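The lines below spell out each chain.
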Amino acid sequence: MTTTQQTAPDAATAASGHEEIITGCDAVAQALRLLDVDVLAGYPIRPYDSVMTAVSKMIANGQMDAEFVIAESEHSQFEIGKHASLVGARAFIGSSGVGWMYGMEALVVTASLRLPVVALVGNRALDDPGAFGVEHNDALMVRDTGWLLYWVESAQEALDTTLLAYRVAEDKRVMLPCALSMDGAFLTHSQHIVQVPDAALVRRFVPPYDLGDRRFHPDNPVSIAPQFNEDWVMEARRQSDAAMRRARGVIAEATADFRRVFGREEEDPFVDAYRMDDAEYALLGMGTVGMVGKVAVDRMRAAGRKVGFVRIKWFRPFPRPELRSLLGTVKGVGIVDRDYSFGSNSHGGVLYTEVAAALYPEPRRPVIVPFIAGLGGREVSVDNMQEIEDVVEQVTARGEQDPTCRWIGVRGPQSDPRYDTGNLSEPAEGGARR
Amino acid sequence: MTAPELTIPDLEINRRLTVLPMQEYYTPGHRTCQGCESALVMRYMAKVAGPRTLVTGTTGCMYVANTSYNSTPWALPWAHTQLGSAGSSAVGTAAGLKALMRKGKIPDEPINVIAFCSDGGGGDMGLATLSAAMQDTRYNLLILLYDNESYANTDIQASGMTPWGAVTAFTPSGKQRRITHHRWKKNVPALLMAGHPTGRYFANTSSGFGMDLMEKVRTALDVGGPTFVQTHDPCPKGWDYDPRMSHELAVLAVECGITVLWDCLEGELRYQGLTRQQVEGKARRRPVADYLRRQGRFAHFADEDIDFFQSRIDEMWEDWILPGVLRVNQTPFGRFPRAASPPGNSEAPATPAAAVGGGRG
């Protein structure tokens, strides 16, 4: 395990912050210290849990003042975060894979209660069989429930986005929980140079958490979440919907503010568009696949191919306007899903379905080709990305949509009628398994 | 009439409550059934807890029937929590308060944290959260488990705390099988007491003994740390009896030795009231038939079922190391008497046919 750098107290740090070489999880822990988070609830599961390891060490060393509760399950962990948030404490939780699933009920009510808890999901494949590697299905499971969802690419982005997440989630116009997704192992446990800002700047950027008239305190005798049925549920859902719609504007505003306060470069709040200006083709994905994608784009650009990469940062709210303007002009786009949605539209992943639906109303839309790659932590290589781009160009050259989902980097035939039709008595095309 | 007391007088721990406030913090406006004893328990609990209290409550009767939108009975801050979250809601609430007070974000003052749960929510689904809450000595919290012996709000299904043999929606009595509820009632307060040496206070009480109940709730809140109180609440809908008989049934359960009034403060076990007289031999236990025969859920019981039930209760008083509380049979070393077996099971309790129980042959 990477040990957290022992940072000096605020007074001793430079006004502009300092740099450290830390992992993605440690970067989030640094942000939590700067945010003066009040209650953290932890339960062990790899790979997210090294954020809790880092935090507990900071508390033990007196660098952070917070209640750290070790829960007896993820369900309790998330309930503890929810109820701490309800009394007005800034709360943090997190999990990975099936752990995130175990606490699903508590996650759902955190969102429907409109409590701005922030979570780290160290993306991990769902059991069975047990696997440590990254898949995005865990965090995606809450995509319909009112959680703001973000996928980070680097440790720096993890730290920055943790600050941004509290600022957006706790905004009175939003009041929704936010889950930060980070590719397990590839980012949770890899070290980057990270600029750690000064605490005073963070306090300027994120105002104190104020739950207002819902604060659970004897001075405010409210009944929280009484039972209601067909008489009011639909109105409550509509309010969550409105909050999610408003979140777009709040994110844009907060991101602009972030750049101003911390002196960072201009960038789009919702998507990370790489070399897309004159691109004829685009590859699209989330998380660390962006790093590989950008290297592949550079290599293909050097060979004269006009390719760009689009990395979706905020998955909820979904960046439809950005995708519209970025992808409306390209000929073909390959969607790289690090997740699956068995039996879904074209048997593609979740991202494919969302992007295809987002582009459907456009008068002119590119050829959209779904891919599934890198499941269970399998590496997605630069060669894989080039292979994906080759397929996109071949399909586009045929001049019509072909939504057949291709699995990249999987052993066995890409398409085997025996598997795909269930007619296992027929011999495979081309003989034995490749 | 004199003006009502505005605050609860300071009470010495374990001293009997002599003055009670007139104020109610659990008020009319709920939709609980006629004769609902659990609603009464809520009222007692809120009354002695007073206004500086936060209450969370799990899903169940005391959620669904109590707090319909726009008609809450709670004059205290109350929040719903999920069915299996009594312990975690209490810990989360207490941890949040503690952090905010320590950091000066809210005024530092004593605030009671109470989480209530039902036998299903606390004894079954949320048991692990109760266990975790009883371990965390950093926080002052009370878990109150109102035991009405079934999942009463979902149409009366058997829980781990439904008495052996009772008819519920999931354990009917049929032509082939007379008894289909095979589990003996789970003893949650003793389980928590025995397994959590750092818990400050554990108590078992009954809705039929209001003073005992209020004294125990107040004691729990006064001693601080993790504390637990369980109440035995007759339920007209679930137990199938005339709602007028709720109080009588609660008292009968104690008279028969089925419900035991005890508490354990800092490791010291004490019995109260009628139970204490029974333990000291000053009062006799009534036959359990007097209790069972008054409830529709036991109407299918044959004499041998009642005899079995009686033998289990006798064992709990005559053989247990802590009578009525903790089962470790008091036997000379090397002797292992067999516990009574359910009717029809005496020969081969492990065979599938016998394991379904009740059916003869």
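Notes on the structure follow. (Residues numbered from 1 in each chain as written. Chains lettered and ligands numbered in written order. Predicted model: local features only at pLDDT ≥ 70, side-chain atom pairs only at ≥ 80, totals over all residues.)

**Some words on the overall build of chain B**
- Within chain B one finds 13 helices and 10 strands.
- Within chain B, the fraction of its 361 residues that count as buried is 52%.
- Here the contacts in chain B between residues at least 6 apart in sequence split such that 67% fall between residues at least 24 apart. (Helix = DSSP H or I, 4+ residues; strand = E, 2+ residues; numbered from the N terminus. Buried ≥ 20, exposed ≤ 12 C-beta atoms within 10 Å, placed from the backbone. Contact = placed C-beta atoms within 7 Å.)

**A look at the nonpolar core**
- Counting residues in each nonpolar core, the largest one holds 223 residues, and the members touching the most others are A:V168, A:C178, A:L180, A:A282, B:I143 and B:V217.
- Both of domain 1 (10-262) and domain 2 (271-421) of chain A provide at least three residues apiece to this core. (Core = buried A, V, L, I, M, F, W, Y, C linked by C-beta atoms within 7 Å. Domains from an automatic or database assignment.)

**Considerations on the interface of chain B and chain A**
- Taken together, the 41 residues of chain B in the interface contact 37 residues of chain A.
- Counting only elements with at least two residues in the side of chain B that touches chain A, the list comes to β1 (53-58), α2 (61-64), β2 (78-81), α3 (86-102) and α5 (127-135) of chain B.
- Looking at the side of chain B that touches chain A, the element that brings in the most residues is α3(B), giving 12 residues.
- Here the residues of the side of chain B that touches chain A sort into 20 nonpolar, 18 polar and three charged.
- With two bridges connecting them, strand β9 (residues 223-224) of chain A and β2(B) associate as parallel partners. Across the sheet, the residue bridging to A:S223 is B:W78, located in β2(B). (Nonpolar A, V, L, I, M, F, W, Y, C, P; charged D, E, K, R; others polar. Pairing = 2+ DSSP bridges.)

**Focus: the sheet that holds strand β5 (residues 118-123) of chain A**
Residues and elements named next belong to chain A.
- A sheet is described by the order of its strands in space; here seven strands give the open sequence β3-β2-β4-β5-β7-β6-β13, paired in mixed fashion. On the outer flanks of this sheet lie β3 (67-70) and β13 (314-316), each paired with one strand and no other. Averaged over all adjacent pairs, the angle separating strand axes in this sheet is 20 degrees, with direction ignored.
- In this sheet, strand β7 (residues 178-183) lies alongside strand β6 (residues 148-151) in parallel orientation, the contact comprising four bridges. Within β7, the residue paired with W151 across the bridge is S181.
- Its contacts with the sheet put helix α3 (residues 74-86) on β2 (39-42), β3 and β4 (91-95), and the angle it makes with β4 is roughly 160 degrees.
- Its contacts with the sheet place helix α7 (residues 155-169) against β5, β6 and β7, and it is angled at close to 165 degrees to β7. (Axes fitted to C-alpha atoms, helices over the stretch in contact; angles between N-to-C directions.)

**Looking at the pairing of β4(A)**
All names here are of chain A.
- β4 sits mainly inside the fold: five of its five residues count as buried.
- Burial along β4 is two-sided: A91, I93 and S95 facing one way and F92 and G94 facing the other are all buried.
- Where β2 meets β4, two bridges bridge the pair, whose relative direction is parallel. Bridge pairing in β4 links L40 to F92.
- In this structure, β4 lies alongside β5, joined through four bridges in parallel fashion.

**Considering the sheet that holds strand β15 (residues 367-373) of chain A**
Residue and element names in this part refer to chain A.
- On the basis of which strands lie adjacent, the open sheet formed by six strands has the order β10-β12-β11-β14-β15-β16 and mixed pairing. The open sheet has two edge strands, β10 (271-274) and β16 (406-408), and neither has a second partner. Going across the sheet, the axis of each strand differs from the next one's by a mean of 25 degrees, ignoring polarity.
- Together, β10, β11 (281-285), β12 (307-312) and β14 (332-337) form the strand contacts of helix α10 (residues 289-302), whose direction differs from that of β12 by roughly 170 degrees.

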